[in-house]
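# Per-entry structural report
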Amino acid sequence: HCGWKGAKAGTVRALVDALARLGADPARMIAAVGPAIGLASYEVGPDFRDAILADDPDAERFFAVEPGRRPHFDLQGFVHARLTRAGVGRVDRIAADTCAEPGRFFSYRRACLTGEADYGRQLSAIALASGV
């Protein structure tokens, strides 16, 4: 899990580079993105958008901006693109919106918006798969 701050800061690239230094071939890596907050749920401020675009002007494609409304950000798409740019051979995207699916996922964003007492936790893993 890297979230937007980690993705913006280069966590994805740093991980792929670190694994490559240990002998892994990025072209043989398999990564999965998500579940995560989805584009429809991820409303952000203009400062957030400006900060992302300052580092990567091509990231404009990960924002949905409707006139008179705040921008929405496609975190899954952004991380997927970072993994692809880092040379990862296969990147799967699990199209599930943690904020919009309370029966399936915990969501810090949803908990804040609805005043829930707690929001639970999620887990991510990195594993070496033999025979792949």
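Residues numbered from 1 in each chain as written. Predicted model: local features only at pLDDT ≥ 70, side-chain atom pairs only at ≥ 80, totals over all residues. Heavy atoms only, no water.

### Focus on helix H4 (residues 75-85)
Burial analysis of H4 places 8 of its 11 residues in the buried class, which makes it a mostly covered element. Along H4, the positions that sit buried rather than exposed are Leu-75, Gln-76, Gly-77, Phe-78, Val-79, Ala-81, Arg-82 and Leu-83. On its buried face, H4 is in contact with helix H1 (3-9), helix H2 (11-21), strand E1 (30-33), helix H3 (46-55), strand E3 (72-73) and strand E4 (90-93). Positive phi appears at Gly-87, one or two residues downstream of H4, with a value of about 95 degrees. (Buried < 20%, exposed > 50% of the residue type's maximum accessible area, 1.4 Å probe, protein only. Helix = DSSP H or I, 4+ residues; strand = E, 2+ residues; numbered from the N terminus. Contact = heavy atoms within 4.5 Å.)

### Focus on the pattern of salt bridges
Enumeration over the complete set of coordinates arrives at 11 salt bridges. For Glu-60, the salt bridge identified is with Arg-49, shortest N-O distance 2.7 Å. In this pair, Glu-60 is assigned in the loop between H3 and strand E2 (63-64) and Arg-49 in helix H3, connecting sequence segments 11 residues apart. Given a relative accessible area of 32%, Glu-60 falls into the partly exposed group. The class of Arg-49 is partly exposed, set by a relative accessible area of 21%. (Salt bridge = Lys/Arg side-chain N within 4 Å of Asp/Glu carboxyl O.)

### A closer look at the side chain of Asp-97
By secondary structure assignment, the location of Asp-97 is in the loop between E4 and helix H5 (108-114). The buried charged residue Asp-97 lacks any salt bridge, with Arg-110 as its nearest oppositely charged partner at 7.0 Å. One polar contact links the side chain of Asp-97 to the main-chain amide nitrogen of Gly-38, over a distance of 3.0 Å. Excluding its chain neighbours within four sequence positions, the residues that come into contact with Asp-97 are Ala-36, Ile-37, Gly-38, Ser-41 and Phe-105. (Lys, Arg positive; Asp, Glu negative; His and termini not counted. Polar contact = N/O pair within 3.5 Å; in protein donor to acceptor, adjacent residues only side chain to side chain.)

### Some points on the environment of Ala-111
Assignment of secondary structure puts Ala-111 in helix H5. Each C-alpha atom, one on Ala-111 and one on Cys-99, is 8.6 Å from the other, the two residues being 12 residues apart in sequence. The contact partners of Ala-111, leaving out residues within four places of it in the chain, are Glu-116, Asp-118 and Tyr-119.

### Concerning the pairing of E1
Only one face of E1 is covered, namely the one carrying Ala-31 and Val-33; the face carrying Ile-30 and Ala-32 has none of its residues buried. As paired elements, E1 and E4 share 4 bridges and run parallel to each other. Within the sheet, the bridge partner assigned to Ala-31 lies in E4 and is Val-91. (Pairing = 2+ DSSP bridges.)

### Examining the side chain of Thr-98
Mapped onto the elements, Thr-98 comes out in the loop between E4 and H5. According to the relative accessible area criterion, Thr-98 is buried, its value standing at 6%. Setting aside residues up to four positions removed in sequence, Thr-98 forms contacts with Pro-35, Ala-36, Ile-37, Phe-105, Phe-106, Ser-107, Arg-110 and Gln-122.

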